[in-house]
Amino acid sequence: MNIENYKLEGDRLPIFTYPEPVLSKKAVPVTEFTPKLAKLVKDMLFTMYHAPGIGLAAPQIGESLRLFVLDVDYEREPFTNSAGKEEYKLSDFNPMVLINPVITGKSGSTTYEEGCLSVPGVYEEVKRHKSVHVRYQDLSGEFHELDADDMLAICIQHENDHLDGVVFIERLSNLKKNFYKKKLTKEKGR
Ligand code: NI
């Protein structure tokens, strides 16, 4: 984890879904490391955990900024609440925030069935690098470097794509990409 003493609190933000234009826009770097940014990160984590998802990039909540949050190994235990609705009991958080990330090294390749909170209901295998080296800033603007493999590396590449206006369906074969683009645009147009 790179956020100390994390508490699951904040506001739940609306998640934008494809083909919302903000998802196809190249996001701009974060320049001000203010309490407002800290609040945004807190709300993004709260939103991600409750979705539930393992990563969330700022464009997905309508902020075209270069940052994302992630947690690839927290506990999600499903249970049925008193109203008979399915809920998740969440614990063991390992929240991370990567601000202005730059992937400076990559190696190997791996394939994983990905999904995205902005593309609900679609799960497809995507080819990614198995390992990445990433340079990023934290909430106080300090620079850090990170070596990531497997799931963490996949998640970083998926979220970093969002900052460049790339949703994971863009990484599929032309046939699948066009199928989903048409389907999702049609669904949204209803
Ligand atoms: Ni995504």
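Our structure's up above, just so we're on the same page.
Residues numbered from 1 in each chain as written. Predicted model: local features only at pLDDT ≥ 70, side-chain atom pairs only at ≥ 80, totals over all residues. Heavy atoms only, no water.

A look at the overall build of the chain
- A tally of helices and strands in the chain yields three helices and nine strands.
- If you list the helices and strands of the chain from N to C, you get α-β-β-β-β-β-β-β-β-β-α-α.
- Its C-alpha atoms give the chain a radius of gyration of 16 Å, near enough to 16 Å, the size a compact globule of 190 residues would have.
- In terms of its C-alpha atoms, the chain occupies a principal-axis envelope of roughly 50 × 45 × 30 Å.
- Taking all 190 residues of the chain together, 43% fall into the buried category.
- Nonlocal contacts in the chain, meaning residues at least 24 apart in sequence, comprise 66% of its contacts between residues at least 6 apart.
- Accessible surface, the chain as shown: approximately 10300 Å² in total, 49% of it carbon and sulfur.
- On the chain, the mean spot of the 25 positive side-chain charges and the mean spot of the 29 negative ones are 9 Å from each other. (Helix = DSSP H or I, 4+ residues; strand = E, 2+ residues; numbered from the N terminus. Rg over C-alpha atoms; globule rule 2.2 N^0.38 Å. Buried < 20%, exposed > 50% of the residue type's maximum accessible area, 1.4 Å probe, protein only. Contact = heavy atoms within 4.5 Å. Areas by Shrake-Rupley, 256 points an atom, 1.4 Å probe, with all protein chains shown as cover. Lys, Arg positive; Asp, Glu negative; His and termini not counted. Charge placed at Lys NZ, Arg CZ, Asp CG, Glu CD.)

Focus: the state of the cysteines
- On inspection of all chains with the given rule, the structure shows zero disulfides.
- The closest cysteine sulfur to the non-disulfide-bonded Cys-155 is located on Cys-116, 10 Å from its own sulfur.
- The class for Cys-155 is buried, based on a relative accessible area of 4%. (Disulfide = S-S within 2.5 Å.)

Description of the pattern of salt bridges
- Overall, the coordinates contain 14 salt bridges when judged by the stated rule.
- Note that Glu-9 and Lys-42 form a salt bridge whose closest N and O atoms lie 3.6 Å from each other. Highlighted residues: Glu-9 in the segment before α1 (35–50) and Lys-42 in helix α1, separated in sequence by 33 residues.
- Since its relative accessible area comes to 38%, Glu-9 is described here as partly exposed.
- Look at Lys-42 and you get partly exposed, because its relative accessible area is 33%.
- In this structure, Glu-114 and Arg-128 form a salt bridge, with 2.9 Å as the shortest nitrogen-oxygen distance. With Glu-114 in strand β6 (residues 110–114) and Arg-128 in strand β7 (residues 124–128), the pair connects residues that are 14 residues apart, well separated along the chain. Of the two residues, Glu-114 and Arg-128, both sit in the buried class.
- Members of the salt-bridge network, linked through shared partners, are Glu-114, Arg-128, Asp-161 and Arg-171. (Salt bridge = Lys/Arg side-chain N within 4 Å of Asp/Glu carboxyl O.)

Digging into the side chain of Ser-131
- Here Ser-131 shows up in strand β8 (residues 131–137).
- A polar side-chain atom of Ser-131 sits 2.7 Å from a polar atom in the side chain of Asp-149.
- For Ser-131, the residues in contact, after removing those within four places along its chain, are Gly-105, Lys-106, Ser-107, Ala-148, Asp-149 and Ala-153. (Polar contact = N/O pair within 3.5 Å; in protein donor to acceptor, adjacent residues only side chain to side chain.)

Things to note about the coordination of the nickel ion
- Surrounding the nickel ion are the protein donor atoms Cys-116 (SG), His-158 (NE2) and His-162 (NE2), at 2.1 to 2.2 Å.
- Taken in chain order, the donor set of the nickel ion reads C-x41-H-x3-H. With Cys-116 in the loop between β6 and β7 and His-158 in helix α2 (residues 150–163), the pair connects residues that are 42 residues apart, well separated along the chain. Exposure class is identical for Cys-116 and His-158. Each is buried. (Donors = N, O, S within 2.8 Å, 3.2 Å for Na, K, Ca; no water.)

What about the packing of aromatic side chains?
- With the rule as written, the count across this model stands at six aromatic pairs.
- Between Tyr-49 and Tyr-74, the ring centres sit 4.6 Å apart and the planes meet at 85 degrees, which makes this aromatic pair edge-to-face. Placement of Tyr-49 in helix α1 and of Tyr-74 in the loop between β2 (67–70) and β3 (75–80) is noted, with a sequence separation of 25 residues between them.
- Under the relative-accessibility criterion, Tyr-49 is labelled buried at 0%.
- Judged by relative accessible area, which is 6%, Tyr-74 ranks as buried.
- By the ring-pair criterion, three or more aromatic residues cluster together here, those being Tyr-6, Tyr-49, Tyr-74 and Phe-93.
- Cation over ring: Arg-76 sits above Tyr-74, and NZ or CZ is 5.0 Å from the ring centre. (Phe/Tyr/Trp six-rings, centres within 6.5 Å; stacked < 30°, edge-to-face > 60°. Lys NZ or Arg CZ within 6 Å of the ring centre and 35° of its normal.)

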